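# Summary of the model geometry
This is what each chain is made of:
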Amino acid sequence: MPTIETTLATASATLANEGIANALRDAKLLLRAALGKTEAFLIAYPEFEIDEESGQIFEKLLERRLAKEPIQYILGKQEFYGLEFVVRPGVLIPRPETEILVEHALRSIAPFEAPRGFEIGIGSGCISVALLRQYEDLRMRATDISLDAIAIARENIEKHGVADRIELSRGDLFGDLQKDERFDLIVSNPPYIGSEEFSGLEAQVRQFEPKTALTDDADGFSVIERIATESGKHLKEGGRIFVEIGFGQSERAMEIFAKNGWKDIEIIPDLAGIPRILRAC
C-alpha cells in the first residue's frame, strides 16, 4: 500500500508539473481531507499506509486540483481574520489583503456608541462577520445580488453566532435600503477588475470564482462610481466608507469620489505596500 510519504511525493510532483504553486502544501491539505488526519499526523507517521478507500478519495480531490479548481473550494473553507469561513463556487474566496479593510473599519467605529454598519455585496460574509465578532455593540445590514452568496453568507453568519446582529437581504448595491436608512460605516469589496484584465487572470480564478464578484464587464470602475454616487445619502455625519480597489486604481478612484463631493479621501496600502483600500467621509 502507498504510504503518506510516497503519496505526498508523487502528488506534489504531479501538481508542480502542472504549474500549481505551493504543490506540497496543497497535496498535504488534500491528503489530510481524505484521511481525516492533522498536519501533525502526516509529519509524525510518514510510513502510515493509506487504505484503498482513502486513496480513492484522495485521487478524486487531486483530480479537481489538477483541473485548477481552487483548494478552498475543494476543501470548502478558508480562513479570514482568524475565523474559518464556508466557501463554495458561489462566492469570492476571501483574501488576506481584505483584512486591512476590516482592521481600519474597526478603528473608525470605535468612537461610536452602538454603531450601525452596511456592507455592499456581502459575498461569503467574511467582512461583516469579522467586524461583528470583533465589536459586540455593532449592528450590520448587508445585501448581495446573488442568491448563492446570500445562502453561503447565512451559513457563515450562523456558524459564527452573529445572526441576531445582522440583517441580510437581496439587493443591487443600495437597492434594498429605505431612503432614510443611514449608517456609521459602509464597507464593500466590489467587482473592480476590468474586462480586459479579467481575461488575463489565472485559470483557477477566471474559471471558478463568480465572475460578477470579480468584474463589472467594463473598465473596473462602474460599480465604484455607483458607490461613490449613492453612498453619501446613507452615511451619517462623521461616518466612514471603506472600499477595496485594485492595483493601479487609486488615482482614478480618488477622482471619482472627489467628483461626487467626498472631502476627506485617503488610500490605505496593504502589507505589500500596494494601494488597496479607499477611505472617505
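As shown above, the structure is provided for reference.
Here the structure is a predicted model, which is why all the values come from computation and not from measurement. (Residues numbered from 1 in each chain as written. Predicted model: local features only at pLDDT ≥ 70, side-chain atom pairs only at ≥ 80, totals over all residues. Heavy atoms only, no water.)

### Things to note about the overall build of the protein chain
Across its full length, the protein chain carries 13 helices and 9 strands. Since a compact globule built from 281 residues should have a radius of gyration of about 19 Å, the 21 Å found for the protein chain is in line with a globular shape. Projected onto the principal axes, the alpha-carbon positions of the protein chain cover approximately 65 × 40 × 30 Å. Across the 281 residues of the protein chain, 51% fall into the buried class. Across the protein chain, 33 positive and 48 negative side-chain charges occur, with their mean positions spaced 4 Å apart. (Helix = DSSP H or I, 4+ residues; strand = E, 2+ residues; numbered from the N terminus. Rg over C-alpha atoms; globule rule 2.2 N^0.38 Å. Buried < 20%, exposed > 50% of the residue type's maximum accessible area, 1.4 Å probe, protein only. Lys, Arg positive; Asp, Glu negative; His and termini not counted. Charge placed at Lys NZ, Arg CZ, Asp CG, Glu CD.)

### Comments concerning unusual backbone geometry
Of note, the phi angle at Lys-68 is positive, near 75 degrees, even though the residue is not glycine. Relative to the helices and strands, Lys-68 resides in the loop between helix H4 (52-66) and helix H5 (71-75). Among the residues examined, Lys-68 registers a relative accessible area of 26% and is labelled partly exposed. The backbone of Asp-217 shows a phi angle near 60 degrees, a positive value even though the residue is not glycine. When you line up the elements, Asp-217 lands in the loop between helix H11 (211-214) and helix H12 (222-230).

### Observations regarding the environment of Phe-247
Relative to the assigned elements, Phe-247 resides in the loop between strand E7 (235-244) and helix H13 (250-259). Classification of Phe-247 by relative accessible area gives exposed; the value is 69%. Separated by 23 residues in sequence, Phe-247 and Asp-270 have C-alpha atoms that sit 11 Å apart.

### A closer look at the side chain of Thr-98
If you trace the backbone, Thr-98 turns up in the loop between strand E2 (83-86) and helix H6 (99-109). With residues near it in sequence (within four places) discarded, Thr-98 still touches Phe-80, Ile-127, Asn-189 and Glu-244. (Contact = heavy atoms within 4.5 Å.)

### Observations concerning the nonpolar core
Grouped together as the largest cluster of nonpolar side chains are 32 residues, with contacts concentrated most on Val-102, Leu-131, Val-187 and Phe-242. In this structure, Val-102 is in contact with Phe-80, Tyr-81, Ile-127, Ala-130 and Leu-131, ignoring residues within four places of it in sequence. Ranked by size, the runner-up nonpolar core spans 31 residues in total, among them Leu-214, Ile-224, Ile-256 and Phe-257. (Core = buried A, V, L, I, M, F, W, Y, C linked by side-chain atoms within 4.5 Å.)

### A look at the sheet that holds strand E4 (residues 139-144)
Reading across the sheet, the 7 strands line up as E5-E4-E3-E6-E7-E9-E8 and stay open at both edges, with mixed pairing between neighbours. Edge strands, defined here as strands with exactly one partner in the open sheet, are strand E5 (166-170) and strand E8 (265-269). Averaged over all pairs of adjacent strands, the angle between strand axes in this sheet comes to 15 degrees, irrespective of strand direction. Pairing analysis gives 5 bridges linking strand E3 (residues 116-120) to E4, with the strands arranged parallel. Along E4, the bridge assignment pairs Gly-117 with Met-140. This element, H6, spans strand E6 (183-188), E7, E8 and strand E9 (275-280) of the sheet and lies at about 170 degrees to E7. Each of E4 and E5 is contacted by helix H8 (residues 147-159), which is oriented at about 165 degrees to E5, the strand it contacts most. (Pairing = 2+ DSSP bridges. Axes fitted to C-alpha atoms, helices over the stretch in contact; angles between N-to-C directions.)

### Thoughts on the pattern of salt bridges
Counting across every chain of the model gives 20 salt bridges. With its nearest N and O atoms 3.3 Å apart, the salt bridge here joins Arg-226 to Asp-172. With Arg-226 in helix H12 and Asp-172 in the loop between E5 and E6, the pair connects residues that are 54 residues apart, well separated along the chain. Residues Arg-276 and Asp-270 are paired through a salt bridge, measuring 3.2 Å at the closest nitrogen-oxygen approach. In this pair, the class of Arg-276 matches that of Asp-270, namely buried. One salt-bridge network, held together by shared partners, links Arg-116, Arg-141, Glu-167, Asp-176 and Glu-181. (Salt bridge = Lys/Arg side-chain N within 4 Å of Asp/Glu carboxyl O.)

### Some words on the pairing of E5
In terms of strand pairing, E4 meets E5 through 5 bridges, oriented parallel. Its bridge partner lying in E5, Arg-141 is registered against Glu-167. What joins E4 to E5 is H8, and the crossover it makes is right-handed. (Right-handed = clockwise from strand over helix to strand, strands pointing away.)

Keep in mind these values describe shape, not function.
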